[in-house]
Amino acid sequence: MNGDKEVSRRQLLGSAGVLGSALVLSRVVLAQDENDGKAAKITDGQLVLRITDNPELGKVGGWKLFDLGEERVIVANTDKGLIARSATCTHKGCDVEYNPAVHQFVCPCHGARFDEDGKVVRGPARTNLPKYASDTALVISKP
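S.K.: Tell me about the environment of serine 86, and please be specific about residues and values.
M.R.: Mapped onto the elements of the fold, serine 86 is located in strand S6 (residues 81–86). Separated by 32 residues in sequence, serine 86 and glycine 118 place their C-alpha atoms 8.4 Å apart. If sequence neighbours within four positions are ignored, serine 86 has contacts with Arg72, Ile74, Val96, Leu129, Pro130 and Tyr132. Here the side chain of serine 86 touches threonine 88 through a polar contact of 3.2 Å, landing on its backbone nitrogen.

Listed below in structure tokens is the structure:
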């Protein structure tokens with residue numbers, strides 16, 4: 001999402017339709033990779049998610065890991081809408097998970113916790129999770 005702008009579920013679904021139409025007209029290279037072909041990669045380092053192909057992202061509390069090139073990204077559906085952060089814990093590099101009960105990203109390896117903005121809440125990690133820009137919460141771009 002750009003800035004602090006919140007997107008309603010209705011706006012999100014509307015954006016998905018518009019985005020789908022735009023993809024038909026654009027030069028998009030579909031990628032069949034670890035994401036089971038459920039995402040499209042655009043040549044400038046963007047990942048386009050199809051919510052219908054990723055039902056876990058269609059409800060608040062749902063989350064999923066994606067590969068964006070050699071980087072791992074976690075997308076979570078929060079009370080504020082869809083957000084994207086680096087999935088790689090800044091402590092030892094394990095993949096974080098989203099815990100909707102506490103609104104935090106949690107590292108299962110050593111217990112580091114990050115808030116939804118990616119800020120360290122509890123160590124051993126000392127560095128925040130990098131954010132990814134997500135204009136409509138469907139297009140995720142490298143910063």
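So, next bit.
S.K.: Now, about the pattern of salt bridges: what can you tell me, with residues and values included?
M.R.: Within this structure, the stated rule accounts for 2 salt bridges. We note a salt bridge from arginine 72 to aspartate 67, for which the minimum N-O separation is 2.9 Å. Of the residues examined, arginine 72 reaches a relative accessible area of 25% and is grouped as partly exposed. On the basis of relative accessibility, which here comes to 9%, the residue aspartate 67 falls in the buried class. A salt bridge links aspartate 95 to arginine 72, with the nearest nitrogen and oxygen atoms 2.9 Å apart. Placement of the pair is aspartate 95 in the loop between S6 and strand S7 (97–99) and arginine 72 in strand S5 (residues 71–78), with a sequence separation of 23 residues. By relative accessible area, which is 27% here, aspartate 95 ends up partly exposed.

S.K.: Report on the sheet that holds strand S10 (residues 120–122), specifying residues and quantitative values.
M.R.: Taken in spatial order, the 4 strands make up an open sheet running S7-S8-S9-S10, and their pairing is antiparallel. Looking along the sheet, the strands with just one partner apiece sit at the ends: S7 and S10. Between one strand and the next, the sheet's axes are offset by a mean angle of 35°, whatever the strand orientation. When S7 meets strand S8 (residues 104–106), the two strands line up antiparallel, connected through 3 bridges.

Criteria and thresholds
- Residues numbered from 1 in each chain as written.
- Predicted model: local features only at pLDDT ≥ 70, side-chain atom pairs only at ≥ 80, totals over all residues.
- Heavy atoms only, no water.
- Helix = DSSP H or I, 4+ residues; strand = E, 2+ residues; numbered from the N terminus.
- Contact = heavy atoms within 4.5 Å.
- Polar contact = N/O pair within 3.5 Å; in protein donor to acceptor, adjacent residues only side chain to side chain.
- Salt bridge = Lys/Arg side-chain N within 4 Å of Asp/Glu carboxyl O.
- Buried < 20%, exposed > 50% of the residue type's maximum accessible area, 1.4 Å probe, protein only.
- Pairing = 2+ DSSP bridges.
- Axes fitted to C-alpha atoms, helices over the stretch in contact; angles between N-to-C directions.

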